[in-house]
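# A closer look at the structure
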Amino acid sequence: MPVRIDDIDRKILAALQRDASRSLDEIAAEVGSSKTPVWNRIRKLREAGIIGQTTVILDAESLGFEACFFVLIRTSEHDADWQKRFLAALKSRPEVQEAHRLAGDIDYILKVRVANARAYDTFYQALISEVKVHNVTALLSMEEIKSTAALPL
């Protein structure tokens, strides 16, 4: 049964999306409540699966990952064995930040973060050595204009 969320829950979720490292006191003050009810709501939202894993956002360029490629993949393979191997290959590669199966002419799109074009080629060669793909197009992002995981609450 889905959990019902109210306006206070939405305010808490929005506050956490902006900065989950803030203290419970700060979040409670922002949403106009006290600490214990806010903690109970956060616990309820975690248990319901609405709040998932808490992580930090790292600056990729500061850490030497200067190249972001969007990789468009077409495949002529659609059987369960190929898909299982392909998904395992994607999940095992830390360079793949996102992977989506698409409707339309392109079967998959990947967001791949690497140091440079040579590192992308190493990634590409490793991927195609594990699974057969029909066509791969890599698009280099020249500038990241907006990136967020925040939902529009």
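All of the points below concern the structure found in this document. Not measured: the values here are computed from a predicted model.

## Thoughts on the overall build of the protein chain
Helix and strand counts for the protein chain come out as 5 helices and 4 strands. Listing every helix and strand of the protein chain by position from the N terminus yields α-α-α-β-α-β-β-α-β. For the protein chain, the C-alpha radius of gyration of 20 Å lies well beyond 15 Å, the compact-globule estimate for 153 residues. Dimensions of the protein chain along its principal axes, counting C-alpha atoms only, are 55 × 40 × 25 Å.

## Notes on the sheet that holds strand S2 (residues 96-101)
Two strands in a sheet stick together by hydrogen bonds in their backbones, pointing the same way (parallel) or opposite ways (antiparallel). With respect to topology, 4 strands assemble into an open sheet ordered S2-S3-S1-S4, the strand pairing being antiparallel. Lying at the two open borders of the sheet, with one neighbouring strand each, are S2 and strand S4 (135-140). Direction aside, the axes of adjacent strands within the sheet are offset by 20° on average. Pairing of S2 with strand S3 (residues 108-114) involves 5 bridges; the strand directions are antiparallel. Residue alanine 99 lies in a different strand from S3, and its bridge partner there is leucine 110. Across the sheet, helix H4 (residues 80-91) touches strand S1 (67-74), S2 and S3, and the angle it forms with S3 is around 25°. Across the sheet, helix H5 (residues 117-130) lies against S1, S2, S3 and S4, angled at about 135° from S3, the strand it touches most.

## Side note on the environment of aspartate 121
Note on placement: aspartate 121 falls in helix H5. For the pair formed by aspartate 121 and leucine 63, sequence separation is 58 residues and the distance between their alpha carbons is 19 Å.

## Here we look at a nonpolar patch on the surface
Together, Val56, Leu58, Leu63 and Phe65 give the surface a local cluster of nonpolar side chains, amounting to about 430 Å² of exposed area. Looking at the secondary structure, you find leucine 63 in the loop between helix H3 (35-47) and S1. Note on leucine 63: relative accessible area 52%, which makes it exposed.

## Description of the environment of valine 112
Summarising the element assignment, valine 112 is placed in strand S3. As for valine 112 and lysine 44, which are separated by 68 residues in sequence, their C-alpha atoms are 34 Å apart.

## Focus on the packing of aromatic side chains
Using the criterion set out here, one finds 6 aromatic pairs in the structure. Ring geometry for tryptophan 82 and phenylalanine 86: centres 4.7 Å apart, planes at 10°, overall stacked. Here tryptophan 82 pairs with phenylalanine 86, and both are found in helix H4, just 4 residues apart, close to one helical turn. No difference in accessibility class separates tryptophan 82 from phenylalanine 86, as the two residues are buried. With 6.1 Å between their ring centres and 50° between their planes, tryptophan 82 and tyrosine 108 make a pair best called tilted. In this pair, tryptophan 82 sits in helix H4 while tyrosine 108 sits in strand S3, placing the two residues 26 residues apart along the sequence.

## Quick notes on H5
End to end, H5 covers 20 Å across 14 residues, agreeing with the expected 20 Å (1.5 Å per residue, within 8%). Its side-chain oxygen 3.2 Å from the backbone nitrogen of arginine 118, asparagine 116 forms the N-cap of H5.

The rules behind each value
Starting afresh in each chain, residues are numbered from 1 along the sequence in its written order. Only residues with pLDDT of 70 or above have their local features reported here, since the model is predicted, and side-chain atom pairs are shown and tallied only from 80 upward, although totals for entire chains, interfaces and linings are computed over all residues. The side-chain figures draw on all heavy atoms in the structure; neither hydrogens nor water molecules are used. For helices the rule is a DSSP run of H or I covering at least 4 residues; for strands it is a run of E covering at least 2, with both sets numbered from the N terminus onward. Restricting the calculation to C-alpha atoms gives the radius of gyration, and the globule rule supplies 2.2 Å times the number of residues raised to the power 0.38. Pairing between strands requires that DSSP locate at least two bridges from one strand to the other. An axis is simply a line fitted to the C-alpha atoms; with a helix, the fit covers only the stretch in contact. Between two such axes, the angle follows the N-to-C directions and lies from 0 to 180 degrees. Should any heavy atoms of two residues lie within 4.5 Å, those residues are counted as being in contact. Residues enter patches when they are more than 30% accessible in relative terms and free of salt bridges; like-charged ones are connected within 9 Å and nonpolar ones (Val, Leu, Ile, Met, Phe, Trp, Tyr) within 5 Å. Computed with the Shrake-Rupley method and a 1.4 Å probe, the accessible areas treat only the protein chains shown as cover for residues. Criterion for a salt bridge: a side-chain nitrogen of Lys or Arg within 4 Å of a carboxyl oxygen of Asp or Glu. Buried residues are those whose accessible area, probed at 1.4 Å on protein chains only, stays under 20% of the maximum for their type, while exposed residues exceed 50% and partly exposed ones sit between those limits. Centres within 6.5 Å make a pair out of two Phe, Tyr or Trp rings, where for Trp the six-membered ring is used; the pair is then stacked when the planes are under 30 degrees apart, edge-to-face when over 60, and tilted otherwise. What a helix should span is 1.5 Å times the count of its residues minus one. Nitrogen and oxygen atoms within 3.5 Å of one another constitute a polar contact, given that in protein one can donate a hydrogen and the other can accept it, and given that sequence-neighbouring residues count only through two side-chain atoms.

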